[in-house]
Amino acid sequence: MPTHRLDPIDRMILAELQADGRMTNVELARRVGISAPPCLRRVRTLEEQGFIRGYHAEVDSRELGFEVQVFAMVGLQSQAESDLRAFEERCREWPLVRECHMLNGEVDFILKCVAPDLSTFQSFLTGNLLTAPNVASVKTSLVIRGAKDEPGVPFEVLEERLSRKA
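This is a predicted model, so every value here is computed, not measured.

If you look at the biggest cluster of nonpolar residues, it comprises 22 residues, and the most contacted ones within it are Val-74, Phe-87, Trp-94, Leu-111, Phe-124 and Leu-129. In terms of residue count, the dominant contributor to this core is strand β1 (residues 68–76) (five residues). When residues no more than four places from it in sequence are discounted, the contact partners of Leu-111 are Val-70, Phe-71, Ala-72, Val-74, Phe-87, Cys-91, Val-97, Glu-99, Cys-100 and Leu-129. Grouped together as the second largest cluster of nonpolar side chains are 15 residues, Ile-13, Leu-28, Ala-29 and Val-32 included.

Here it is, written out as structure tokens:
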């Protein structure tokens, strides 16, 4: 578990930035109870160590005209490492695929896809995904609505776990 390198202030910084990555360093320092210069040094160190991978705006896909969200469960003919990597690379090249996760169980991958409409997704499905090398099966599920979309990690669970170990 990599958290042994993080002290409580580092974890507070990460939790605050996860909740609001746009806050100023001065505001972040105030919230975690330290002055601005060491706060900025800590943030830079967290970035360099890979705890912070980037800062992103959360855009509303529907407001931008992407009305369709689909989860595609993909089974491959071969699970050889080279074939798995080739499929992952192909997924990175498809703009409609927003997430790609390799799974353990009945299916090999689950893809989260977005499209402006069903016909665009169907064209991607029949013209790209189903015809991709090594794809044996694809099952899709159309998202009706989302109940929760919480990125990152639950810092309160991490803090509780660490307090039990102390």
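This brings us to the layout of surface pockets. Reported here for the largest pocket is a volume of approximately 2400 Å³. Taken together, 50 residues make up the lining of the largest pocket; nearest its centre are His-56, Glu-58, Asp-149, Pro-151 and Gly-152. Where the lining of the largest pocket is concerned, the elements lending two or more residues are α1 (8–19), β1, β2 (97–102), β3 (109–115) and α6 (155–165). A total of five residues in the lining of the largest pocket trace back to one element, the largest contributor, which is α1. Two domains each put at least three residues into the lining of the largest pocket: domain 1 (8–57) and domain 2 (62–142).

As a further point, take the sheet that holds β1. A sheet is described by the order of its strands in space; here four strands give the open sequence β2-β3-β1-β4, paired in antiparallel fashion. At either margin of the open sheet sits one strand with a lone partner, and together these are β2 and β4 (135–142). Taken pair by pair, the neighbouring strands of this sheet meet at an average axis angle of 20°, ignoring direction. The sheet contact formed by β1 and β3 spans seven bridges and is antiparallel. What sits directly across from Phe-71, in β3, is Lys-112. In the packing of helix α4 (residues 81–93) onto the sheet, the strands contacted are β1, β2, β3 and β4, and the crossing angle to β3 comes to about 10°. Contacts between helix α5 (residues 118–129) and the sheet are confined to β1, β2, β3 and β4, with β4 contributing the most and set at about 170° to the helix.

Our next topic: the UniProt feature "domain: HTH asnC-type" (unreviewed entry) in the protein chain. The UniProt record marks residues 6–67 with the feature "domain: HTH asnC-type" (unreviewed entry), using the residue numbering of this structure. Helix makes up 53% of residues 6–67 and strand 0%, with an end-to-end C-alpha separation of 40 Å.

What follows covers the packing of aromatic side chains. Enumeration according to the criterion identifies four aromatic pairs in this entry. Residues Phe-87 and Phe-109 carry aromatic rings whose centres are separated by 4.8 Å and whose planes lie at 45° to one another, so their mutual orientation is tilted. One end of the pair, Phe-87, is in helix α4; the other, Phe-109, is in strand β3, with 22 residues separating them in the sequence. Residue Phe-87 is classed as buried on the basis of its relative accessible area of 1%. According to the relative accessible area criterion, Phe-109 is buried, its value standing at 0%. Residues Trp-94 and Phe-124 carry aromatic rings whose centres are separated by 5.2 Å and whose planes lie at 80° to one another, so their mutual orientation is edge-to-face. Highlighted residues: Trp-94 in the loop between α4 and β2 and Phe-124 in helix α5, separated in sequence by 30 residues. Pairwise contacts between aromatic rings join Phe-87, Trp-94, Phe-109, Phe-121 and Phe-124 into one cluster.

Below, the discussion takes up the packing of α1 against helix α2 (residues 25–32). In the contact formed by α1 and α2, the axes pass within 10 Å of each other and the chain directions differ by 130°. As far as their axial angle goes, α2 and α1 are oblique. Classified by chirality, the crossing of α2 by α1 is right-handed. Residues Ile-9, Met-12, Ile-13, Glu-16 and Leu-17 of α1 touch α2, and the partners they reach there are Leu-28, Arg-31 and Val-32.

Calculation rules
- Residues numbered from 1 in each chain as written.
- Predicted model: local features only at pLDDT ≥ 70, side-chain atom pairs only at ≥ 80, totals over all residues.
- Heavy atoms only, no water.
- Core = buried A, V, L, I, M, F, W, Y, C linked by side-chain atoms within 4.5 Å.
- Buried < 20%, exposed > 50% of the residue type's maximum accessible area, 1.4 Å probe, protein only.
- Helix = DSSP H or I, 4+ residues; strand = E, 2+ residues; numbered from the N terminus.
- Contact = heavy atoms within 4.5 Å.
- 1 Å grid on protein atoms, 1.4 Å probe; cavity = no way out; pocket = protein on both sides within 12 Å on 5 of 7 lines; lining within 4 Å.
- Points joined across faces, edges and corners; volume = space filled by probe spheres on them.
- Domains from an automatic or database assignment.
- Pairing = 2+ DSSP bridges.
- Axes fitted to C-alpha atoms, helices over the stretch in contact; angles between N-to-C directions.
- UniProt positions renumbered as here; feature names shortened; annotations may be inferred.
- Phe/Tyr/Trp six-rings, centres within 6.5 Å; stacked < 30°, edge-to-face > 60°.
- Parallel < 35°, antiparallel > 145°, perpendicular 65-115°, else oblique.
- Left-handed = near helix turned anticlockwise from the far one by under 90°.

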